[in-house]
Amino acid sequence: MSSKLDLSKEFIGRRALVTGGTRGIGAAIAKRLLDAGAKVVVAARSRSDFTPAAATFIDGDVSTSEGVKAIAAEALAVLGGLDILVNNAGGAGGTRMFPEGSPTIPDEEWQDAIDLNLFASIRLTNALLPTLRASKAAAVVNISSTAATMPFAPTAHYGVAKAALDFYSRTLAVELAPSGVRVNVVSPGPISTPSADEMRKSFPGISSDEWLRYVPLGRIGTTDDITEVVALLASDRGKWLTGMNYRVDGGMTAR
Ligand SMILES: NC(=O)c1ccc[n+]([C@@H]2O[C@H](COP(=O)([O-])OP(=O)(O)OC[C@H]3O[C@@H](n4cnc5c(N)ncnc54)[C@H](OP(=O)(O)O)[C@@H]3O)[C@@H](O)[C@H]2O)c1
């Protein structure tokens, strides 16, 4: 066997579903997988100009149980099986902020954050588990956030939902390890996407420029910073990696 890895072909024959793959980080992940040969389905409530043309788009809402069932069924119909599941849809820009603190977050907002950032991954993984177990190279990558480890009251509902996603993922990784299904988390720090850039403009107490003070490597992240780690975890290069949380944040949570 050659010792050289050809990363441009490593996903040939792999079938992938990326939720929220129509824009932002999800679109970049979908493109990274496509570029290396994967067949990719992206699921979201709408297509965008950033949706990779080579991906198959499924219109669906991951925050409801009916939406998840329909997405899972349609993805399997298109792909005929599944090797890579990236649970990426979540609220970066879509999360409402409550500058007056967590006691002012209404119950419905807590529920919405949990449905989108936690339950979507649980439901979709459960729906696709028989297929993932049948794959010889099954990898689940859940996209969390540094918000899960850095308490911030105005978005407590989001941070709490992502923290629960992290622990769920660890639990699942141990549970599924005997069947060969690997489960890992990638936790982005501030990444430049249109919706997150917009959100950071109105972040309570931190101006857009001040974000850099929190990032030791001195820049806002790019979607490429995330896609490379997701590709590693989804590929055979990551075949002994499971149950881990990779914080891709320029050192933000290292302090
Ligand atoms: N960007 C950052 O700085 C950052 C930092 C930490 C963590 N993250 C995490 O990274 C992930 C992606 O963030 P992003 O900045 O790329 O977000 P984004 O640009 O707002 O994209 C979100 C994607 O998810 C889809 N989506 C949202 N709600 C959905 C729903 N109910 N059902 C189906 N699809 C849904 C969106 O499409 P539709 O709206 O058309 O459905 C879109 O494709 C999220 O989980 C976020 O929490 C991002």
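Look up a bit, the structure's there.
In every chain, residue numbers begin from 1 and rise along the written sequence. Residues qualify for local features only when their pLDDT is at least 70, as the model is predicted, and side-chain atom pairs are given and counted only at 80 or more; totals for whole chains, interfaces and linings, by contrast, use all residues. By convention in this description, side-chain values take in all heavy atoms of the structure and omit both hydrogens and water.

Q: Outline the side chain of T223, listing residues and values.
A: Numbering of helices and strands runs from the N terminus, with a helix taken as a DSSP run of H or I at least four residues long and a strand as a DSSP run of E at least two residues long. Here T223 lies in helix α6 (residues 223-234). Burial classes: relative accessible area under 20% of the type maximum marks a residue as buried, over 50% as exposed, and values in between as partly exposed (1.4 Å probe, protein chains only). When its relative accessible area of 18% is taken as the criterion, T223 is described as buried. Pairs of residues are marked as contacts when any of their non-hydrogen atoms sit within 4.5 Å. The residues contacting T223, other than those within four sequence positions of it, are G24, I25, A28, I191, S192 and T193.

Q: Give me the sheet that holds strand β1 (residues 15-19): which residues, what numbers.
A: The 7 strands lie next to each other as β3-β2-β1-β4-β5-β6-β7, forming an open sheet whose pairing is parallel. The sheet is open, and its two borders are formed by β3 (56-59) and β7 (245-248), each paired with just one other strand. Each adjacent strand pair in this sheet contributes to an overall mean axis angle of 20 degrees, direction not counted. Relative to strand β5 (residues 139-143), strand β4 (residues 84-87) runs parallel, the two sharing 4 bridges. The residue of β5 that forms the bridge with N87 is N142. Only the stretch in contact is used when a helix axis is fitted, and all axes are lines through C-alpha atoms; the angle between N-to-C directions ranges over 0 to 180 degrees. Lying on the sheet, helix α2 (residues 65-79) is in contact with β1, β2 (39-44) and β3; it crosses β2 at an angle near 160 degrees. Sheet contacts for α6: β4, β5, β6 (182-188) and β7; angle to β6, the most-contacted strand, approximately 170 degrees. By the convention used here, strands pair only if DSSP detects at least 2 bridges between them.

Q: Describe the site of the ligand, with residues and values.
A: The rule for a residue being near a molecule or strand is that one of its heavy atoms must lie within 4 Å of it. Among the 31 residues in the neighbourhood of the ligand, the closest are listed as T22, S46, N88, Y158 and S195. Within the side chain of R45, one N or O atom sits 2.7 Å away from an oxygen atom of the ligand. Only the protein chains shown count as covering a residue, and every accessible area follows the Shrake-Rupley method with a 1.4 Å probe. Relative to its free-state accessible area of 880 Å², the ligand is covered by the protein chains to the extent of 95%. Mapped by element, the contributors of at least two residues to the shell around the ligand are α1 (24-35), α4 (156-176) and α5 (194-201). The dominant element in the shell around the ligand, judged by the number of residues it contributes, is α5, at 3 residues. Under this definition, polar contacts are N or O atom pairs within 3.5 Å; protein pairs additionally need one hydrogen-donor-capable and one acceptor-capable atom, and for neighbouring residues in sequence, both atoms have to be side-chain atoms.

Q: Could you give an account of the pattern of salt bridges, with specific residues and numbers?
A: What makes a salt bridge here is a side-chain nitrogen of Lys or Arg within 4 Å of a carboxyl oxygen of Asp or Glu, nothing more. Here the structure, examined in full by the defined rule, presents 12 salt bridges. The partner of R14 in a salt bridge is D236, and the shortest N-O contact between them spans 3.0 Å. Pair noted here: R14 is in the segment before β1 and D236 is in the loop between α6 and β7, with a separation of 222 residues, a long-range link. With a relative accessible area of 43%, D236 lands in the partly exposed category. Note that E198 and K201 form a salt bridge whose closest N and O atoms lie 3.2 Å from each other.

Q: Explain empty space enclosed by the protein residue by residue, including any values.
A: Here the term cavity refers to a set of points on a 1 Å grid, laid over the protein atoms alone, in which a 1.4 Å probe fits but cannot get out; the term pocket refers to an open set having protein on both sides within 12 Å along at least five of seven lines, with lining residues being those that place an atom within 4 Å of a point. Grid points are joined across faces, edges and corners, and a volume is the space filled by probe spheres set on the points. Following the criterion strictly, the structure yields 1 cavity of 30 Å³ or more and no others. In this structure, the largest cavity spans a volume of roughly 70 Å³. Around the largest cavity sit 13 residues that line it, and N87, N88, A89, L116 and S121 are the ones nearest its centre. Taken together, the elements giving at least two residues each to the lining of the largest cavity come down to α3 (107-134) and α4.

Q: Tell me what's going on with the pairing of β1, and back it up with residues and numbers.
A: Burial runs high along β1: 4 of the 5 residues are buried. Think of it like this: strands point away, you trace from the first strand over the helix to the second, and a clockwise trace means the crossover is right-handed. For the crossover from β1 across α1 to β2, the handedness is right-handed. As paired strands, β1 and β4 are joined by 3 bridges and run parallel to one another. Across the sheet, V18 pairs through a bridge with V86, a residue of β4.

Q: Residue-level account of the packing of aromatic side chains, with values.
A: Aromatic pairing here means that ring centres of Phe, Tyr or Trp (its six-membered ring) are within 6.5 Å. Orientation follows from the plane angle: under 30 degrees is stacked, over 60 is edge-to-face, and everything else is tilted. According to the stated counting rule, one finds 2 aromatic pairs in the structure shown. Ring centres 4.8 Å apart and planes at 15 degrees place the aromatic pair F152 and F203 in the stacked group. Taken as a pair, F152 in the loop between β5 and α4 and F203 in the loop between α5 and α6 lie far apart in primary sequence, 51 residues in all. By relative accessible area, F152 is classed as partly exposed at 26%. Both a distance and an angle decide whether a charge sits over a ring: NZ of Lys or CZ of Arg must be within 6 Å of the ring centre and within 35 degrees of the ring normal. The residue whose ring lies beneath R123 is F119, and the NZ or CZ to ring-centre distance is 4.9 Å. Taking the ring centre of W211 as reference, the NZ or CZ of R200 above it sits at 5.8 Å.

Q: Any details on α1? Residues and values, ideally.
A: The span expected for a helix works out to 1.5 Å for each residue beyond the first. Here α1 contains 12 residues, and its C-alpha end-to-end distance of 17 Å stays within 8% of the 16 Å for a straight helix at 1.5 Å per residue. Here α1 lies mainly inside the structure; 9 of its 12 residues are buried. Looking only at α1, the buried set comprises I25, G26, A27, A28, I29, A30, R32, L33 and L34. Buried positions along α1 lie against β1, β2, β4, β5, β6 and α6. Looking at the residues trailing α1, positive phi occurs at G37, about 100 degrees.

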